[in-house]
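Now for the letters of each chain:
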Amino acid sequence: TFTPAEYLTWEETQTERHEYLAGEIRAMSGGSMEHNTIVSNIAGEVRSRLKGTHCRSFTSTQKVQAQSTGFSFFYPDVVIVCGAPQMGLGDAIRNPVAVFEVQSPSTSHYDRNAKFTGYQTIQSLQEYFIVHQKQARVEAYRRTPEGEWDTTSYTVYIGLGATVPLESVGIALPCREIYDLVEITPTPNEDEETSPS
């Protein structure tokens, strides 16, 4: 295990990115072409829609600092910040309002469990989106008005005709734009919005 300071010093010397959670370091796997296209699409659409506002987006080279079990550091695929970025250790942002993770088979369990648990400790964070690669499917987890996270209740946006609202910043992303130039598997009940409980 590493201390946060040891991790940050070590990470500066690495050619690949690594995340840090509860003293343990996890190598970031290289993204597939589909993964990189989806990230690029989301970042481009978010930037376009936020232009002229006090919010901005960053992609996966920007570290985010969480408070879970001391300090944790993540590299979200896309992160949105409103107002002046509050910088923590190692130039990591501490005040994101929304985070996107593009899911792959190797990261699915991590994104939904340990990583999401870490993100929940960021007080400013309002929305967490898990974006599937092979199907037009986006899962949206949102902080409740009471300031809590209910991980059993989330909204799923399915199909290229669906639109994903980003309530924290007042914009919406069409799934057709998120998955532009990506070959996806048709899904049943396309254009359906569901809210599992």
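Residues numbered from 1 in each chain as written. Predicted model: local features only at pLDDT ≥ 70, side-chain atom pairs only at ≥ 80, totals over all residues. Heavy atoms only, no water.

**Side note on the nonpolar core**
Threshold: Here, nonpolar core means buried Ala, Val, Leu, Ile, Met, Phe, Trp, Tyr and Cys residues that are tied together by side-chain atoms lying within 4.5 Å of each other. The buried label applies to any residue whose accessible area, calculated with a 1.4 Å probe on protein chains only, is under 20% of its type's maximum; exposed applies above 50%, and partly exposed to all values in between. In this description a helix means any DSSP run of H or I spanning at least four residues, a strand means any run of E spanning at least two, and both kinds are numbered starting from the N terminus. Working rule for contacts: check all heavy atoms of both residues, and any pair within 4.5 Å makes them a contact.
Grouped together as the largest cluster of nonpolar side chains are 31 residues, with contacts concentrated most on Ile42 and Ile80. Within the residue set of this core, elements represented by two or more residues are helix H2 (33–50), strand E6 (78–82), strand E7 (96–102), strand E8 (127–131), strand E9 (137–142), strand E11 (163–166), strand E12 (171–174) and helix H5 (175–178). Top element by residues in this core is H2. It accounts for 6 residues. Contact partners of Ile42, with chain neighbours within four places excluded, come to Val78, Phe100, Val102, Val131, Leu173 and Ile178. Grouped together as the second largest cluster of nonpolar side chains are 18 residues, Leu21, Tyr119, Tyr141 and Trp149 included.

**Some words on the pattern of salt bridges**
For side chains bearing opposite charge, pairing can occur when the charged atoms are close. We apply this condition: Throughout this description, the term salt bridge denotes a Lys or Arg side-chain nitrogen within 4 Å of a carboxyl oxygen of Asp or Glu.
Scanning all chains against the criterion turns up 7 salt bridges. In this structure, Arg142 engages Glu127 in a salt bridge whose closest nitrogen and oxygen atoms are separated by 2.7 Å. On the criterion of sequence distance, the pair formed by Arg142 in strand E9 and Glu127 in strand E8 is long-range, its members being 15 residues apart. Summarising the burial analysis for this pair, Arg142 and Glu127 share the class buried. Salt-bridge contacts for Glu139 lead to Arg137; the nearest nitrogen and oxygen are separated by 3.4 Å. Exposure remark for Glu139: the relative accessible area of 2% places this residue in the buried category. Three or more residues joined by partner-sharing salt bridges are found here, namely Glu19, Glu101 and Lys115.

**Topic: unusual backbone geometry**
In terms of backbone geometry, most residues other than glycine have negative phi values and most peptide bonds are trans. Phi at Asp91 is positive, roughly 60°, even though this residue is not glycine. Along the chain, Asp91 falls in the loop between E6 and E7. On the basis of relative accessible area, Asp91 is assigned to the exposed category, the value being 58%. Despite not being glycine, Leu181 has its phi angle at roughly 70°, a positive value. Tracing the backbone shows Leu181 in the loop between H5 and strand E13 (193–194). Here Leu181 falls in the exposed class, since its relative accessible area comes to 76%.

**Here we look at helix H1 (residues 4–11)**
Condition: To obtain the arc, one takes the directions from the helix axis to the C-beta atoms.
Buried residues of H1: Tyr7, Leu8 and Glu11, and no others. Around the axis of H1, the buried residues are gathered within 95° of arc, so they sit on the same side. Counted as exposed and oriented over 90 degrees from the buried face of H1: Ala5 and Thr9. In this structure, the buried side of H1 is in contact with strand E1 (18–21), strand E2 (24–27) and strand E5 (72–74).

**Section: the packing of aromatic side chains**
Here is the rule: Here a pair means two rings of Phe, Tyr or Trp (six-membered ring of Trp) with centres within 6.5 Å. Their orientation is stacked below 30 degrees between planes, edge-to-face above 60, and tilted elsewhere.
Per the stated rule, a full pass over the model turns up 12 aromatic pairs. Seen in terms of ring centroids, Phe100 and Phe129 are 4.6 Å apart; in terms of plane orientation they differ by 15°. Their pairing is stacked. A residue pair is termed long-range when its members are at least 10 positions apart, and Phe100 in strand E7 and Phe129 in strand E8 qualify at 29 residues. Judged by relative accessible area, which is 1%, Phe100 ranks as buried. Their ring planes at 20° and their centres at 4.6 Å tell us that Phe116 and Tyr128 sit as a pair that is stacked.

**Side note on the side chain of Glu101**
This is how the line gets drawn: Between N or O atoms, a polar contact is any pair within 3.5 Å; within protein, one atom must be a potential hydrogen donor and the other a potential acceptor, and residues adjacent in sequence are included only when both atoms are from side chains.
Within the secondary structure layout, Glu101 lies in strand E7. A polar contact of 2.8 Å, which involves the side chain of Glu101, links it to the side chain of Lys115. A distance of 2.7 Å separates the side chain of Glu101 from the side chain of Tyr119, its partner in a polar contact. The residues touching Glu101, leaving out its near neighbours within four places in the chain, are Tyr75, Pro76, Asp77, Asp111, Lys115, Tyr119, Tyr128, Phe129, Ile130 and Val131.

**Looking at the side chain of Ser60**
Within the secondary structure, Ser60 sits in the loop between strand E3 (55–59) and strand E4 (64–66). On the basis of relative accessible area, Ser60 is assigned to the buried category, the value being 17%.

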